[in-house]
Amino acid sequence: MVMRSSRSLIKATRSSPMFLLDDMSWTIYFQVLAIVASTPVLSALVAPNALDLKLTATLSHEIPSTLYGYMWEDINHSGDGGLYGELLQNRAFQAVIPGTQNALNAWQPYNGARLAVTAKTDGVSSSLPNSLEVKIPKVVTGPIGFVNTGYWGIKIQEGWTYKGSLYAKSETFTGTLTVSLKSVAGATYASATLQGVSSEWNKFTFEFEPGKSAANDNNVFSVTVDGAEAAGATIYFAMFSLFPPTFRGRENGMRLDLAEALAATRPSIWRFPGGNNLEGASIDTRWKWNETIGPLEDRPGRTADWSYSNTDGLGLLEYLDWAEDLEAEPILGIWDGIAISNYSNFHTWPIVPEEDLQPYIDDALNEIEFIVGDPETSYWGQLRASLGRTDPYYLRFIEIGNEDQFQPESYAGYRWSAFVNAIEERHPGQFEFIATTYPSTELNPPYLKSMSSEAGEGTLFDTTVAVDYHMYADPTWFTTHAFMFDDYPRNGTKFFVGEYAVTSTNPDEFLGSIASGRLAYPTIQGAAAEAAFMTGMERNADVVFASAYAPSLQHIKGYQWTPDILTFDASRIVKSTSYYVQQMFSTNRGTHVLETVPSSTNATAPLFWAASYNNETEVVYLKVANTGTTGLVAYITYDFTTIGFGTATTLSTPSLSPISDVFNTSNTLEDPELIIPVESSFAIPETHRFNYSFPATSITVIALQTVIE
């Protein structure tokens, strides 16, 4: 089959949509562009009415390979305690105040040992000045020491090899340390003995191979000494670490089940490191790339933005390696001179004055050079090579800041231009830039163009510039705005939907409390609305070059935001309905949008669809969201030849079950497979036509293998 390419141009007029742009803390509406009317969607399709839908053989435009992916920042313990494989919480006492009880978070004494975090003895490095002081009473018998409770538990799995390390020193003890994996009830699953404690810091390494799995997560990492041998002694410990097997076996790598779940969606972009967590709550506590590289002992960690400290064990190199493992393109967020503060008073936000900005520009240039620099000629490239990565990383997209619509005056006034021009001067034509403010905000260099000093003063060269929008709302917002990009002017400016999710059922309070309609987990109703919106992104992939669901992960025992695409604890994960939508759309990708008759519009709601063709596999995909409360039939015809049957993947509430037609239903940790995709195949007995019934509140992806004629 030969697909025909359409050269027709879509006429566009500038109008102005209602966007929700929020940094995951406050509900804020912004009037950006009015692309769609504010009237509610009127359903023209009502059962038993059916849709007559024709899939043509006309290709309208290409679909970028970057269309689906994730936004990342360490929120909800998604990094430390989540994707990052480290099992021990507060492992190096980073970003804590010595001598306080909070500094002992996750550490508990065993059998009467006295614990304190101190900086009164030299730390293992200048970056890690704090250590754990353990005082043994003068009268004690039996084992004595301390435990770490992990991130609200530790998974112990038979057949796994756990790799651990710790630092220890003492002026008064030279005996044996016993390290163990134990249940809180005292059952030992694996242990090792360590010898060689002296008055200087020594690093001890060990491995555990449990002989059986623990029944639950109520387990700890234990360090003990013999009480009689250590009576009256003071022992110092620092920089603990314990890793289970990691994704692709990477050292300092990712937790297996979470990594495998994210990889299974085949994301093509990974936006990092934030988000609020890039900006910091102050200029000094911003995410500093150069403090996240090198040995773990040289990473000081930081007071992060989401109520817990970051170890920065998941640092710049780990992010870039992870993106490569996903086969996803990184979208690198560059800190651009602001930190966040009171969202009710933007005047309180720290902003670097123009005359003081140059050191931060230099820092961004160094970061980029570290990523892409030649190890033979670049200092930063040589540093990267010395840390184990000789070849430069692939980097195409650079995002200047995060949600700079909150500070548009300084962004347009000098911050955007300062960073873009400096990067272009150093790397002319190499990168594509993403702006984080309104397209109505005039920028210099403007959208679509950037200045190249190398080409001569005043010379403009073509480079793609995208605008990053964030959208958190109720299901109706997403269905109403599914067509918001249809009439957007094709002037070269691309859109990156950098954060989006259905967060509430309350149209007046998108980011309120659970009691006011906030979702604890994604629901099938919300997932169907997201899918409806995604069909609009896919149909308009000549404008929307990328999208990123957010947030990605949530530890159920330590979170700040709901809902999230994956929820987990120390041993379990649940894939949400929104997760399955991302997987269904991302793993069934066309290379070109396929025109349909009619096109999906308000008049054909509550069915929303996008059709595409993959010119490598010769498969036609039809993605359909039914956001209505009844099933609807489509009479589908097509202008090409197939092999006589099709396949379908459908996500909906199971028929003839207690949750049939209950659309506020979610997968949870207690019931993780309540709603899962169902795959099927169907015969096409009549040439070029078939009927298909789309269940109430469902998402369906139909695949048709075409035949070349």
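Quantities reported herein were computed from a predicted structural model and do not represent experimental measurements.

Undergrad: Which residues make up the sheet that holds strand 6 (residues 107-110), and what values do they have?
TA: With antiparallel pairing, the five strands of this open sheet are ordered in space as 6-9-14-11-12. Edge positions in the open sheet fall to strand 6 and strand 12 (188-194), since each of these has one partner strand only. Shown here is a sheet whose adjacent strand axes are inclined to one another by a mean of 20°, direction ignored. By the bridge criterion, six bridges tie strand 9 (residues 143-148) to strand 14 (residues 219-226) in an arrangement that is antiparallel. Across the sheet, Gly145 pairs through a bridge with Thr224, a residue of strand 14.

Undergrad: Can you tell me about the pairing of strand 21 (residues 432-435), naming the residues and giving the values?
TA: Note on strand geometry: in a regular strand, side chains alternate between the two faces of the sheet. Neither face of strand 21 is exposed, since Glu432 and Ile434 on one face and Phe433 and Ala435 on the opposite face are all buried. The pairing of strand 20 (residues 397-400) with strand 21 spans three bridges and is classified as parallel. From the neighbouring strand, Ile398 faces strand 21, where its bridge partner is Phe433. After leaving strand 20, the chain enters helix 8 (residues 408-426) and then returns to the sheet as strand 21, a path that is right-handed.

Undergrad: Any details on the pattern of salt bridges? Residues and values, ideally.
TA: Here the structure, examined in full by the defined rule, presents 23 salt bridges. Between Arg91 and Glu86 there is a salt bridge, with its nearest N and O atoms 2.8 Å apart. Measuring nitrogen to oxygen at the nearest pair gives 2.8 Å for the salt bridge that ties Arg490 to Asp542. With Arg490 in the loop between helix 9 (475-480) and strand 25 (494-502) and Asp542 in the loop between helix 10 (524-539) and strand 26 (544-549), the pair connects residues that are 52 residues apart, well separated along the chain. Judged by relative accessible area, Arg490 falls into the partly exposed class, the value being 30%. The network of salt bridges with shared partners includes Arg248, Arg250, Asp321 and Asp325.

Undergrad: Describe in detail the nonpolar core, supporting the description with residues and values.
TA: Among the nonpolar cores identified, the biggest contains 135 residues, and Leu83, Trp270, Leu316, Met471, Phe485 and Ile699 are the most heavily contacted of them. With nine residues, the single largest contributor to this core is helix 10. In contact with Trp270, other than residues within four places in its own chain, are Tyr70, Trp72, Leu83, Leu262, Tyr319, Trp322, Leu326, Ala328, Glu329, Pro330 and Ile331. Counting 42 residues, the second largest nonpolar core, distinct from the first, contains Phe93, Ala192, Leu194 and Val225.

Undergrad: How would you sum up the packing of aromatic side chains? Please name residues and give values.
TA: Ring pairs (aromatic) are described by centroid distance and by the angle formed between their planes. A full pass over the atoms with the stated rule returns 50 aromatic pairs. Three or more aromatic residues link up through ring pairs in this structure, and these residues are Tyr469, Trp477, Phe478, Phe485, Tyr488, Phe495, Tyr500, Phe533 and Tyr549. For the cation-ring pair, Arg286 lies above Trp335, with the distance from its terminal atom to the ring centre recorded as 5.1 Å.

Undergrad: Quick one: what's the story with the sheet that holds strand 13 (residues 202-208), residue by residue and with numbers?
TA: Strand order in this open sheet of five strands is 7-8-15-10-13, and the pairing throughout is antiparallel. Unpaired on one side and paired on the other, strand 7 (114-118) and strand 13 mark the two borders of the sheet. Each strand of the sheet is rotated relative to its neighbour by a mean of 30°, with strand direction disregarded. The pairing of strand 8 (residues 131-135) with strand 15 (residues 234-243) spans four bridges and is antiparallel. The residue of strand 15 that forms the bridge with Glu133 is Tyr236.

Undergrad: Tell me what's going on with the environment of Gly150, and back it up with residues and numbers.
TA: Within the element layout of this structure, Gly150 appears in the loop between strand 9 and strand 10 (162-169). Residue classification places Gly150 among the buried positions, given a relative accessible area of 0%. Here the alpha-carbon distance between Gly150 and Asn219, two residues 69 residues apart in the chain, equals 8.2 Å. Apart from the residues within four sequence positions on either side, Gly150 is in contact with Leu87, Gln89 and Ala106.

Undergrad: Mind laying out the side chain of Thr437, listing which residues take part and the relevant values?
TA: Structurally, the position occupied by Thr437 is in the loop between strand 21 and strand 22 (449-451). Thr437 gets classed as buried once you look at its relative accessible area, which sits at 1%. Polar side-chain contacts of Thr437 include one of 3.5 Å to the side chain of Thr441.

Undergrad: So what's going on with helix 6 (residues 358-372)? Residues and values would help.
TA: Over its 15 residues, helix 6 runs 21 Å from end to end, which matches the ideal 21 Å to within 8%, given 1.5 Å per residue. Considering only its buried residues, helix 6 is in contact with helix 5 (316-326), strand 19 (329-334), helix 7 (379-386), strand 20 and helix 8.

Undergrad: Could you give an account of the environment of Gln554, with specific residues and numbers?
TA: Mapping Gln554 onto the fold places it in strand 27 (residues 553-555). Gln554 gets classed as buried once you look at its relative accessible area, which sits at 1%. Between the alpha carbons of Gln554 and Gly82 there is a distance of 7.8 Å; along the sequence they are 472 residues apart. Not counting chain neighbours up to four residues away, the residues in contact with Gln554 comprise Asn76, Tyr559, Trp561, Thr562, Asp564, Leu566, Thr567 and Phe568. Within the structure, the side chain of Gln554 is placed 2.6 Å from the side chain of Thr567, a separation counted as a polar contact.

Undergrad: Summarise the side chain of Glu538; cite the residues concerned and give the values.
TA: If you trace the backbone, Glu538 turns up in helix 10. Here Glu538 falls in the buried class, since its relative accessible area comes to 2%. Among residues more than four places away in sequence, those in contact with Glu538 are His61, Ile63, Leu67, Tyr68, Phe585, Val593, Ala610, Ser612 and Lys623.

Thresholds, definitions, all that
- Residues numbered from 1 in each chain as written.
- Predicted model: local features only at pLDDT ≥ 70, side-chain atom pairs only at ≥ 80, totals over all residues.
- Heavy atoms only, no water.
- Pairing = 2+ DSSP bridges.
- Helix = DSSP H or I, 4+ residues; strand = E, 2+ residues; numbered from the N terminus.
- Axes fitted to C-alpha atoms, helices over the stretch in contact; angles between N-to-C directions.
- Buried < 20%, exposed > 50% of the residue type's maximum accessible area, 1.4 Å probe, protein only.
- Right-handed = clockwise from strand over helix to strand, strands pointing away.
- Salt bridge = Lys/Arg side-chain N within 4 Å of Asp/Glu carboxyl O.
- Core = buried A, V, L, I, M, F, W, Y, C linked by side-chain atoms within 4.5 Å.
- Contact = heavy atoms within 4.5 Å.
- Phe/Tyr/Trp six-rings, centres within 6.5 Å; stacked < 30°, edge-to-face > 60°.
- Lys NZ or Arg CZ within 6 Å of the ring centre and 35° of its normal.
- Polar contact = N/O pair within 3.5 Å; in protein donor to acceptor, adjacent residues only side chain to side chain.
- Expected span 1.5 Å × (residues − 1).

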